[in-house]
Amino acid sequence: MTLFEKIAAREIPARIVHETDDFLAFHDVNPQAPVHVLIVPKRVIPRIAAADAGDAELLGKMLVASREIAQKVGVAESGYRLVVNNGPDAGESVPHLHMHLLGGRHLGWPPG
């Protein structure tokens, strides 16, 4: 069971800000910005490269919900970044697809 599955099953506590039947969003325990929320599907997809056409609706719902989540955490107006890492060289540390919603400060470009 991945760390994120355990959070979804309420085996590990998390500061949840949004939840649907398909995914949940919660504050990252190691934030990289003043606002750092993870948006995680409840069903395990190991990484974005493992997603297929059957995952499109779920991924679309997660993207669309990011606006509401950003409003809830106070960064919708100032701006936020969505990041999906794929593989170890990209910084992926949990083998369960997730989206980072980062905000609350100016985010430089290019990242990394």
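Summarised in this report is the structure supplied together with it.

The rules behind the values
Residues numbered from 1 in each chain as written. Predicted model: local features only at pLDDT ≥ 70, side-chain atom pairs only at ≥ 80, totals over all residues. Heavy atoms only, no water. Salt bridge = Lys/Arg side-chain N within 4 Å of Asp/Glu carboxyl O. Helix = DSSP H or I, 4+ residues; strand = E, 2+ residues; numbered from the N terminus. Buried < 20%, exposed > 50% of the residue type's maximum accessible area, 1.4 Å probe, protein only. Pairing = 2+ DSSP bridges.

### Here's the deal with the pattern of salt bridges
- A complete count under the given rule lists 7 salt bridges for this structure.
- When the shortest N-O distance is used, the salt bridge between Lys42 and Glu19 registers 2.8 Å. Placement of the pair is Lys42 in the loop between strand 3 (35–41) and helix 2 (56–72) and Glu19 in strand 1 (residues 16–19), with a sequence separation of 23 residues.
- A salt bridge links Arg43 to Asp55, with the nearest nitrogen and oxygen atoms 2.7 Å apart. Taken as a pair, Arg43 in the loop between strand 3 and helix 2 and Asp55 in the loop between strand 3 and helix 2 lie far apart in primary sequence, 12 residues in all.
- Among the residues examined, Arg43 registers a relative accessible area of 42% and is labelled partly exposed.
- Asp55 gets classed as buried once you look at its relative accessible area, which sits at 6%.
- Through salt bridges with shared partners, a single network forms among Arg10, Glu19 and Lys42.

### Remarks on the pairing of strand 3
- Burial runs high along strand 3: 7 of the 7 residues are buried.
- Burial of the side chains of strand 3 extends over both faces: Val35, Val37, Ile39 and Pro41 are buried on one face and His36, Leu38 and Val40 on the other.
- As paired strands, strand 2 (residues 23–27) and strand 3 are joined by 5 bridges and run antiparallel to one another. Each residue of the ladder has a partner; that of His27, found in strand 3, is Val37.
- Where strand 3 and strand 5 (residues 99–103) come together, 5 bridges link them in antiparallel fashion. Bridging from a neighbouring strand, Ile39 pairs with Met99 of strand 5.

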